[in-house]
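Residues per chain are reported as follows:
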Amino acid sequence: MKDQKNNKSDAGSRIGPDSTNSCEESNTRYGYAAASTPLRTAFSSSVLAVRPDTAEEIESYAAMDESKRPTAVMVEAGRDLSISTFSGNAMGSIENFIALLGNKLIPVFRAQSADIAEALAVKLKEINFPDAYILSSQEGLLKAKAANYNFYGILDLSGDSSEITDEKLTQIRSKVNSSNAKSVLLPEAYAEKEYIQALQKSVVSVWLDSNSPKITAACRLIACGANGYAVKNPEELTSAIGYFADDAMLRKTVVIGHRGIPALAPENTLEGAIKAYENGSDIVEVDIYVTTDNQLVILHDGELARTTDGTDYIEKYSLAELKQLHANKQFPDTPEYAECRIPTMREFFEQFKDTGLGFFIEIKSQKENCLPLLKELIDEYADYNMINRCTIISFFMNQLQNSRKTMPGVSASLLCGGLITDDTIYTALPGLADLLLPNNTTFSTNYGGVGAHSIEALALRGITTWPWTFEGIDDYCYFFKTNAGGLTTNYCHLSRDFKHTLNVPAKNITIDLNQTKTVEGSVVTYAREVLPLPQHSEIVIIEGKDIISADGLNITGLKEGCASCMVKASFTPHDGFKYTLYSQPIAVCVKQQG
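Residues numbered from 1 in each chain as written. Predicted model: local features only at pLDDT ≥ 70, side-chain atom pairs only at ≥ 80, totals over all residues. Heavy atoms only, no water.

Draft legend 1. Just the overall build of the chain, in detail. In terms of helices and strands, the chain carries 17 helices and 29 strands. Counting only C-alpha atoms and orienting by the principal axes, one finds that the chain spans roughly 70 × 70 × 40 Å. Counting every position in the chain, which comprises 594 residues, the buried fraction comes to 59%. Contacts in the chain between residues far apart in sequence, at least 24 positions, make up 65% of those at least 6 positions apart. Total accessible area on the chain stands at roughly 22,600 Å², and carbon and sulfur atoms take up 46% of it. Between the centroid of the 54 positive side chains of the chain and the centroid of its 74 negative side chains there is a distance of 1 Å. (Helix = DSSP H or I, 4+ residues; strand = E, 2+ residues; numbered from the N terminus. Buried < 20%, exposed > 50% of the residue type's maximum accessible area, 1.4 Å probe, protein only. Contact = heavy atoms within 4.5 Å. Areas by Shrake-Rupley, 256 points an atom, 1.4 Å probe, with all protein chains shown as cover. Lys, Arg positive; Asp, Glu negative; His and termini not counted. Charge placed at Lys NZ, Arg CZ, Asp CG, Glu CD.)

Draft legend 2. Summary view of the pairing of strand E2 (residues 72-77). Counting buried positions over the six residues of E2 gives six, a clear majority of the element. Here E2 shows a buried face lined by Ala72, Met74 and Glu76 and a second buried face lined by Val73, Val75 and Ala77. Bridge analysis of strand E1 (residues 47-50) against E2 gives two bridges, and the strand direction is parallel. Following the sheet pairing, Val50 is matched in E2 by Val73. In the sheet, E2 pairs with strand E3 (residues 83-84) via two bridges, with the strands oriented antiparallel. (Pairing = 2+ DSSP bridges.)

Draft legend 3. Up close: the nonpolar core. Counting 119 residues, the largest nonpolar core has Ile288, Met345, Phe359, Ile361 and Leu374 as its most contacted members. Beyond its immediate chain neighbours, meaning those up to four positions away, Ile288 contacts Leu296, Val297, Ile298, Leu299, Met345, Ile361, Glu362, Ile363, Lys364, Ser365, Cys370 and Leu374. (Core = buried A, V, L, I, M, F, W, Y, C linked by side-chain atoms within 4.5 Å.)

Draft legend 4. Structural detail: helix H16 (residues 452-459). H16 sits mainly inside the fold: six of its eight residues count as buried. Of the positions making up H16, those classed as buried are Ser454, Ile455, Glu456, Ala457, Leu458 and Ala459. Buried positions along H16 lie against E1, strand E6 (133-136), helix H15 (425-436), strand E17 (442-445) and helix H17 (473-479).

Draft legend 5. Structural detail: the sheet that holds strand E26 (residues 554-557). Ordered in space as E21-E26-E25, the three strands form an open sheet in which the pairing is antiparallel. With partners counted over all chains shown, the strands left at the sheet margins are strand E21 (516-518) and strand E25 (548-551), one partner each. Within this sheet the neighbouring strands show an average axis-to-axis angle of 25 degrees, counted without direction. When E21 meets E26, the two strands line up antiparallel, connected through three bridges. Along E26, the bridge assignment pairs Thr518 with Asn554. (Axes fitted to C-alpha atoms, helices over the stretch in contact; angles between N-to-C directions.)

Draft legend 6. Structural view of the sheet that holds strand E19 (residues 499-503). Spatially, the three strands line up as an open sheet ordered E19-E22-E23, and their pairing is antiparallel. If you trace the sheet from one side to the other, it starts and ends with E19 and strand E23 (530-532), each paired once. In this sheet, neighbouring strand axes are inclined to one another by 30 degrees on average, regardless of whether the strands run parallel or antiparallel. Where strand E22 (residues 522-525) meets E23, three bridges bridge the pair, whose relative direction is antiparallel. When the sheet's bridge partners are listed, Val523 is paired in E23 with Leu531.

Draft legend 7. Just the packing of helix H1 (residues 55-62) against helix H2 (residues 94-101), in detail. The N-to-C vectors of H1 and H2 enclose an angle of 40 degrees; their axes lie 8 Å apart at closest approach. Facing H1, whose interface residues are Ala55, Ile58, Glu59 and Ala62, H2 presents Phe97, Leu100 and Leu101.

Draft legend 8. Spotlight on helix H6 (residues 193-201). Taken residue by residue, H6 has Lys193, Tyr195, Ile196, Leu199 and Gln200 as its buried positions. Taken end-on, H6 shows its buried residues confined to a sector of 165 degrees, consistent with a single buried face. Residues of H6 that are buried in the fold lie against helix H5 (166-178), strand E8 (183-187), strand E9 (205-209), helix H7 (215-223), E19 and strand E28 (577-582). Where H6 terminates, the next one or two residues include Val203, which has phi positive at roughly 70 degrees. (Arc of directions from axis to C-beta.)

Draft legend 9. Main features of the pattern of salt bridges. The tally for this structure, following the rule as stated, stands at 28 salt bridges. In this structure, Asp131 and Arg461 form a salt bridge, with 2.8 Å as the shortest nitrogen-oxygen distance. Remark: Arg461 occurs in the loop between H16 and H17 and Asp131 occurs in the loop between helix H3 (114-126) and E6; sequence separation between them is 330 residues. (Salt bridge = Lys/Arg side-chain N within 4 Å of Asp/Glu carboxyl O.)

Draft legend 10. Region of interest: the environment of Ser212. Tracing the sequence through the fold places Ser212 in the loop between E9 and H7. Residues Ser212 and Asn233, spaced 21 residues apart in sequence, show a C-alpha to C-alpha distance of 5.6 Å. Ignoring sequence-local partners within four residues, the contact set of Ser212 consists of Lys232 and Asn233.

Draft legend 11. Spatial organisation of the packing of helix H12 (residues 370-380) against helix H14 (residues 397-406). Where H12 meets H14, the axes come as close as 10 Å, and the angle between the chain directions of the two elements is 40 degrees. The angle between H12 and H14 places the two elements in the oblique class. As for how H12 packs across H14, the hand of that crossing is right-handed. Residues Leu371, Pro372 and Lys375 of H12 touch H14, and the partners they reach there are Gln399, Asn402, Ser403 and Thr406. Of the residues that constitute the contact of H12 with H14, the class distribution is two nonpolar, four polar and one charged. (Parallel < 35°, antiparallel > 145°, perpendicular 65-115°, else oblique. Left-handed = near helix turned anticlockwise from the far one by under 90°. Nonpolar A, V, L, I, M, F, W, Y, C, P; charged D, E, K, R; others polar.)

Draft legend 12. Fine view of unusual backbone geometry. Cis peptide bonds are those with omega within 30 degrees of zero, and the linkage from Trp468 to Thr469 qualifies with -20 degrees. As for its placement among the helices and strands, Thr469 is situated in the loop between H16 and H17. We note that Asn514 has phi near 70 degrees; this positive angle belongs to a residue other than glycine. Residue position: Asn514 is located in the loop between strand E20 (508-512) and E21.

Draft legend 13. Up close: the packing of aromatic side chains. Applying the stated criterion across every chain yields a total of 31 aromatic pairs. Judged by centre distance (5.9 Å) and plane angle (55 degrees), the ring pair of Phe43 and Phe577 falls under tilted. With Phe43 in the segment before E1 and Phe577 in strand E28, this residue pair connects regions lying 534 residues apart in the sequence. Exposure remark for Phe43: the relative accessible area of 4% places this residue in the buried category. (Phe/Tyr/Trp six-rings, centres within 6.5 Å; stacked < 30°, edge-to-face > 60°.)

So this is what it looks like as structure tokens:
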């Protein structure tokens, strides 16, 4: 990955909320919706997708102020491509339904068969409608994408009731990518922080399906940090967001160590990767080449001279020859790094196999056997879930296309810069769609041009943004507040001690009338330290303010009944950078003693 701060280019000029897109088959001109969401804090936002029963409901949503308006409307596409609600009420043709949206809401078309999904994709192409989700099975999405790539795919796993395990999460990621989708709709049982964070780290956007949750259940959904929520009635979720402060950090931002941690250790070395892991990297970014004896080695430049005591091009050497070189040229006077060598990808996998460290692997080699060799190595470490821990990144779309063919279950992301800014969202979206959607890649952009508004516009369409490469603390902290999936930095130690998750093990607490109990829990830092809840933590009562009272972390039973609450704690790790973490809700039962 290059070190550059800004690389702007012409994003083209096409459609937006106040402009249209020409269509040969009809006189209607379609654009991108002025999508918004009421599920927003200063740090993140989530799609709010509603399942209406009538056309009048849709029109009322479209007329709402953007601070209250849902993001998307979910409907059923029939075999004749007529549209109905999930409850079976007819909505007419696709064109009639789209007209109801008023260019304010993104449509989500559910297709319950592969043939319907394919026909729907063809229809969207015929009318040149650029801004729609298709929700379907793996077979349905593959057939639809083969007919028309220009839609956002959501894999429908909302009916899955199997046990949730680490292996299951790996299967979900693989199935999402193999379906040419970037998002998945899961049942409400997945509304746990650990499940959501695991999938988001593997570059998957997670939507949760819920049937009219009550206020406590709605707070549980929001607190888990999912990327989107599909509900029949949005009022509970829009009410629930009011229980969270404006500075609520509801979603963990993934930290990616750029070539390890070059600020403190030689780049692209095993020593640097270990130090990056110790300093809070969730993922380490590496660059790979192939030696003359077909070993995957890690170096950025290709030319050896900048970071080693060798010369010439790395792929002219065997592994044994490269191992004679020292890779400590950036830190020549540091004894700790005196024996740094050019590492192999195998050495990285072996070193970190028992950890949760992920890898962003940039394909630098142009050799045809690079990706097959990488696949072979990933498969060799299948017992360590390596397929779920690796993401392929590249500046070259042909490399990403090849990676999608070689490893269809592995996420891929395009390295680029200057393709979208906060000022060019609606003119840039068509070009980005043409670039990213055909190859099912997500968006790893230079951070110089993007901002909170452009990143959110993409996120509301299932496209996560992974900006790079941060060096200053102020820019770094700002981008924690932009909805980005993850941040790539040379200085991951800057966020080493940032707390990112607040956990309370007890999901249910029983207390006697007039008894007081102290809630216990922990906060987790990026350096993977698990610390006790800070003294300034507080209880937020959701339901039952007449049943319990709270003072700090102490809950007192006032009268018999059931209540619910969350724990919150605020942190200011850098000047002007304050945020609040929340636990998921706790059910409290107060009973008469004896």
